[in-house]
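Residue-level structural notes
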Amino acid sequence: MKIKRPNVAGIFYPSDPKKLRDTVLALLKNSKLFPLKPVGLVAPHAGYTYSGAVAGAVYKQLENLDLSKDWMVVIIAPSHYFFFEGITFGSYQAFETPLGQVEVDREAIERFIDTRKSLRVSFSDTPYDKEHSLEVQLPFLQVLLKSFRLVPVLYSDAKPEEIKEVLNFFEGENTLFVVSSDLSHYHSENTARYKDSFCHAGIESLDVKLLGRCEACGITGITGAIFYARERNLKGKLIDYKTSGEVSGERHRVVGYGGYIFTS
């Protein structure tokens, strides 16, 4: 069985299983629950010290779902270290964190390949070698969901329409999608909040034109999710927003973190 071992355990989040579970539970407990059932999420992917509060706020909304179901979770994540065309599912049978292993739904991925031959798809593992954007989402899902299968989607030079096709194929009553993305990087606090306001407006109005001034590193995934949401008559909602400056106290060079849901 080919297993993807964690890259950033002990760096972005605790490597000790109990400490990791307690950390995630605390982040969830300190968050507000809105009366909305999410179909999909946009969640940040920095170290939990910085973006954990926002991640906890958006993952908190999963408590409105039937968490006892067997879920399929499609994680759409940007590649930070390797450039390639299209998307890669990798060739792993499972992804591992300190909380255990998550099974990859290889059968569903093979069905996708059989029906979407025109898309730029590979099974390369190289882009996963150093990547954190997908991995850091898993502990929240492992704590919240009793059972789930993973469809990992890492992209580099991809088109939003390709992301939308992925979401179209895997959609279903027991499917949840997660778009992994931070927002603006290394501006002053005021500039970051201004630039990130276009991300908020674009997602909440499902208007991709507003995203032209949004500097999210996962902008392709976000845009693809908006295309999908518009076709499905979903709504976008900002759940929480913070900057790294609120943790570090450094207000001259911050990263923005936004948590959003798509709901019917």
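Residues numbered from 1 in each chain as written. Predicted model: local features only at pLDDT ≥ 70, side-chain atom pairs only at ≥ 80, totals over all residues. Heavy atoms only, no water.

**Re the overall build of the chain**
We count it as follows: In DSSP terms, a helix is any run of H or I states spanning at least four residues, a strand is any run of E spanning at least two, and both are numbered starting from the N terminus. What the globule rule says is 2.2 Å times the number of residues to the power 0.38, and the radius of gyration is computed from C-alpha atoms. Each residue is assigned to one of three classes by its accessible area relative to the maximum for its type, calculated with a 1.4 Å probe on protein chains only: buried under 20%, partly exposed between the two thresholds, exposed over 50%. We call two residues in contact when some of their heavy atoms are within 4.5 Å. Per-residue accessibility takes into account occlusion by the displayed protein chains alone, with areas from the Shrake-Rupley method and a 1.4 Å probe. Just so you know, the count uses Lys and Arg for positive and Asp and Glu for negative, and it drops His and the chain ends. Throughout, a charge is located at the NZ atom of Lys, the CZ atom of Arg, the CG atom of Asp or the CD atom of Glu.
Assigned secondary structure in the chain consists of eight helices and 12 strands. Since a compact globule built from 264 residues should have a radius of gyration of about 18 Å, the 17 Å found for the chain is in line with a globular shape. When the 264 residues of the chain are sorted by exposure, 55% land in the buried category. Within the chain, contacts between residues at least 6 apart in sequence are counted, and of these 80% link residues at least 24 apart. Here the chain has roughly 11,200 Å² of accessible surface; of this, 49% comes from carbon and sulfur atoms. Of note, the chain has its 32 positive side-chain charges centred 4 Å away from the centre of its 32 negative side-chain charges.

**A closer look at the state of the cysteines**
Counted only if it meets this: When the sulfur atoms of two cysteines come within 2.5 Å, that pair is taken as a disulfide.
Within this structure, the stated rule accounts for one disulfide. Covalently, Cys199 is tied to Cys214 through a disulfide, its sulfur atoms 2.1 Å apart. For the disulfide bridge between Cys199 and Cys214, the dihedral angle about the S-S bond is near 100°, and by the sign convention the bridge is right-handed. Taken together, the residues span a long stretch of sequence, with Cys199 in helix H6 (residues 189–205) and Cys214 in the loop between H6 and helix H7 (219–231) at a distance of 15 residues. On the basis of relative accessibility, which here comes to 0%, the residue Cys199 falls in the buried class. In this structure Cys214 comes out as buried when scored by relative accessible area, which is 8%. The closest cysteine sulfur to the non-disulfide-bonded Cys217 is located on Cys214, 9.4 Å from its own sulfur.

**A short note on the nonpolar core**
For clarity, the threshold we go by: Residues belong to one nonpolar core when they are buried, are Ala, Val, Leu, Ile, Met, Phe, Trp, Tyr or Cys, and are joined through side-chain atoms within 4.5 Å.
Formed by 78 residues in total, the largest nonpolar core has its most connected members in Tyr59, Val74, Ile75, Ile76, Leu141, Phe170 and Phe262. Ranked by the residues each element gives to this core, the list is headed by strand E3 (residues 70–78), at seven residues. Excluding anything up to four places from it in sequence, Phe170 contacts Met72, Val74, Phe89, Ala108, Ile109, Phe112, Val151 and Thr175.

**Concerning the packing of aromatic side chains**
Two aromatic rings are characterised by how far apart their centres lie and by the angle between their planes. Rules: A pair of Phe, Tyr and Trp rings is counted when the ring centres sit within 6.5 Å of each other, with Trp represented by its six-membered ring. The angle between the planes then sorts it: under 30 degrees is stacked, over 60 is edge-to-face, the rest tilted. Whether a charge sits over a ring depends on NZ of Lys or CZ of Arg being within 6 Å of the ring centre and within 35 degrees of the ring normal.
Overall, the coordinates contain 15 aromatic pairs when judged by the stated rule. When the centroid spacing of 5.5 Å and the interplanar angle of 15° are considered together, the rings of Phe112 and Phe170 count as stacked. Taken as a pair, Phe112 in helix H3 (residues 106–115) and Phe170 in helix H5 (residues 160–170) lie far apart in primary sequence, 58 residues in all. You can call Phe112 buried: its relative accessible area is 0%. A network of ring pairs unites the aromatic residues Phe89, Phe112, Phe123, Phe169 and Phe170 as a single cluster. Lying across the ring of Tyr92, Lys2 places its NZ or CZ 5.5 Å from the centre. Residue placement shows Arg253 over the ring face of Tyr186; its charged tip is 4.2 Å from the ring centre.

**Some details on the sheet that holds strand E1 (residues 3–4)**
This is how the line gets drawn: At least two bridges found by DSSP between two strands are what make those strands a pair.
Strand order across the open sheet formed by three strands is E1-E5-E6, with mixed pairing between neighbours. Strands with a single pairing partner mark the edges of an open sheet, and in this sheet they are E1 and strand E6 (100–103). Pairing of E1 with strand E5 (residues 94–97) involves two bridges; the strand directions are parallel. Pairing of Ile3 across the sheet is with Ala94, part of E5.

**Points about the environment of Ser122**
Looking at where Ser122 falls in the secondary structure, it is placed in strand E7 (residues 121–122). The exposure class of Ser122 is partly exposed, given its relative accessible area of 25%. Distance in space between the C-alpha atoms of Ser122 and Phe89 is 6.6 Å, their sequence separation being 33 residues. Setting aside residues no more than four positions away along its own chain, Ser122 makes contact with Ile87, Thr88, Phe89 and Gly90.

**Describing the packing of H5 against H7**
Where we set the bar: In this analysis, axes come from line fits to C-alpha atoms, helices being fitted only over the stretch in contact, and the angle between any two N-to-C directions falls in the range 0 to 180 degrees. Small angles under 35 degrees read as roughly parallel and large ones over 145 as roughly antiparallel, with 65 to 115 read as roughly perpendicular and the rest as oblique. Two helices cross in a left-handed way if the nearer one is turned anticlockwise from the farther one by less than a right angle. They cross in a right-handed way if the turn is clockwise.
Look at H5 against H7: their axes get within 7 Å of each other, and the N-to-C directions meet at 55°. With respect to each other, H5 and H7 are oriented oblique. Crossing of H5 over H7 shows right-handed handedness. Listed contacts from H7 to Pro160, Glu161, Ile163, Lys164, Leu167 and Asn168 of H5 are Thr220, Gly221, Thr223, Gly224, Ala225, Phe227, Tyr228 and Glu231.

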